[in-house]
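One-letter residues, chain by chain:
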Amino acid sequence: RRCVAASLTTTRVEERIRAMHSALTRDFGIAAPHIAVLGLNPHAGEEGLIGSEEQTIIGPTIIAMRERGIDVLGPYPSDGFFAFGAYKTFDGILAMYHDQGLIPLKLLAHGGGVNVTANLNIVRTSPDHGTAFDKAGRNVADSGSTVAALSLAIAIVGTRAKNPPANT
């Protein structure tokens, strides 16, 4: 978390919100994506008691993006956001670091989660468990996430084909 806090800027948060908005529109065909942004600190900083990044960087960036027409809300405390089901009402969730987003994804997806690398010229998906080299050749791996990754890649290709970029 310290490394994230040290590199967190309004420009970086804005870039990530724009990237998520673009991917949800381009790859998933969502015309007006509803995006959540998680806070960096526990309890989203408790109004500055645990950390100030939510008040000084993340929150103001969210406000600025809303003023520019992007439907984005937050910053949300990640524990309650996932524990009480708030994630169900959003099209995309921007986490501040790897484990903050992937631990809930893996728990909620029950082996069917997919990692999507957004905004590439090619479609890239992968199973939420990664390569699972520890299970290779032992006939113990669950193929669910791999099948989900392939299915999602096919769906994204189809969505992109229906909605090509205007400049091509």
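Above this text sits the structure in question.
Let me begin by describing the structure that accompanies this report.

Within the secondary structure layout, Asp27 lies in helix α2 (residues 10-28). Using a relative accessible area of 3% as the deciding quantity, one classes Asp27 as buried. A C-alpha to C-alpha distance of 9.8 Å links Asp27 and Leu152, two positions 125 residues apart in sequence. With near-sequence residues (within four places) excluded, Asp27 lies in contact with Ser22, Ile156, Thr159 and Arg160.

Of the voids in this model, the largest pocket is the one considered here, and its volume is about 1100 Å³. Taken together, 28 residues make up the lining of the largest pocket; nearest its centre are Met20, Ile93, Leu105, Val114 and Val116. Those elements that provide at least two residues to the lining of the largest pocket are α2, β3 (92-94), α5 (98-109) and β4 (114-117). Its residues assigned to classes, the lining of the largest pocket comprises 21 nonpolar, four polar and three charged.

As a rule of thumb, nonpolar side chains are buried together in soluble globular proteins. Ranked by size, the top nonpolar core spans 18 residues in total, and within it Leu8, Ile17, Val37, Leu40, Ile58, Val72 and Met96 carry the most contacts. Of all the elements in the fold, those that place two or more residues in this core are α1 (2-7), α2, β1 (34-38) and α3 (53-67). Among all residues touching Ile17, those that are not within four sequence positions of it are Ile35, Val37, Thr61, Ile62, Met65, Ile70, Val72 and Leu94. By size, the runner-up hydrophobic cluster in this structure holds five residues, among which are Leu38, Phe81, Phe82 and Phe90.

In this section: the packing of aromatic side chains. Taken as a whole and assessed by the stated rule, the structure comprises five aromatic pairs. Here Tyr76 and Phe81 contribute two aromatic rings whose centre-to-centre distance is 5.1 Å and whose plane-to-plane angle is 40°, an arrangement assigned as tilted. With relative accessibility at 24%, the residue Tyr76 sits in the partly exposed group. You can call Phe81 buried: its relative accessible area is 3%. Ring centres of Phe81 and Phe82 lie 5.2 Å apart, and the angle between their planes is 85°; this geometry places the pair in the edge-to-face category. Accessibility assignment for this pair places Phe81 and Phe82 in one class, buried. Ring-pair connections join several aromatic residues into one group, and the members of that group are Tyr76, Phe81, Phe82, Tyr87 and Phe90.

To continue, consider the side chain of Ser145. Structurally, Ser145 is set in helix α6 (residues 144-162). We classify Ser145 as buried; its relative accessible area is 0%. In this structure Ser145 touches Gly111, Gly112, Gly113, Val114, Pro127, Asp128 and His129, once residues within four positions along its chain are discounted.

Axis separation between α2 and α6 bottoms out at 7 Å; the angle between their running directions is 85°. Between α2 and α6, the angle falls in the class roughly perpendicular. Contacts from Arg26, Asp27 and Phe28 in α2 reach Leu152, Ile156, Thr159 and Arg160 in α6.

So, about the pattern of salt bridges. Under the definition given, this model contains four salt bridges. Across the pair Arg160 and Asp27 runs a salt bridge, and its minimum N-O distance is 2.5 Å. With Arg160 in helix α6 and Asp27 in helix α2, this residue pair connects regions lying 133 residues apart in the sequence. Across the pair, Asp27 and Arg160 agree in class, each one buried. Among the salt bridges present, the one from Arg66 reaches Asp71, with a minimum N-O distance of 3.5 Å. Looking at Asp71, the relative accessible area reads 29%, which means it is partly exposed. The network of salt bridges with common partners includes Glu14, Arg18 and Arg68.

What counts, and where the lines are drawn
- Residues numbered from 1 in each chain as written.
- Predicted model: local features only at pLDDT ≥ 70, side-chain atom pairs only at ≥ 80, totals over all residues.
- Heavy atoms only, no water.
- Helix = DSSP H or I, 4+ residues; strand = E, 2+ residues; numbered from the N terminus.
- Buried < 20%, exposed > 50% of the residue type's maximum accessible area, 1.4 Å probe, protein only.
- Contact = heavy atoms within 4.5 Å.
- 1 Å grid on protein atoms, 1.4 Å probe; cavity = no way out; pocket = protein on both sides within 12 Å on 5 of 7 lines; lining within 4 Å.
- Points joined across faces, edges and corners; volume = space filled by probe spheres on them.
- Nonpolar A, V, L, I, M, F, W, Y, C, P; charged D, E, K, R; others polar.
- Core = buried A, V, L, I, M, F, W, Y, C linked by side-chain atoms within 4.5 Å.
- Phe/Tyr/Trp six-rings, centres within 6.5 Å; stacked < 30°, edge-to-face > 60°.
- Axes fitted to C-alpha atoms, helices over the stretch in contact; angles between N-to-C directions.
- Parallel < 35°, antiparallel > 145°, perpendicular 65-115°, else oblique.
- Salt bridge = Lys/Arg side-chain N within 4 Å of Asp/Glu carboxyl O.

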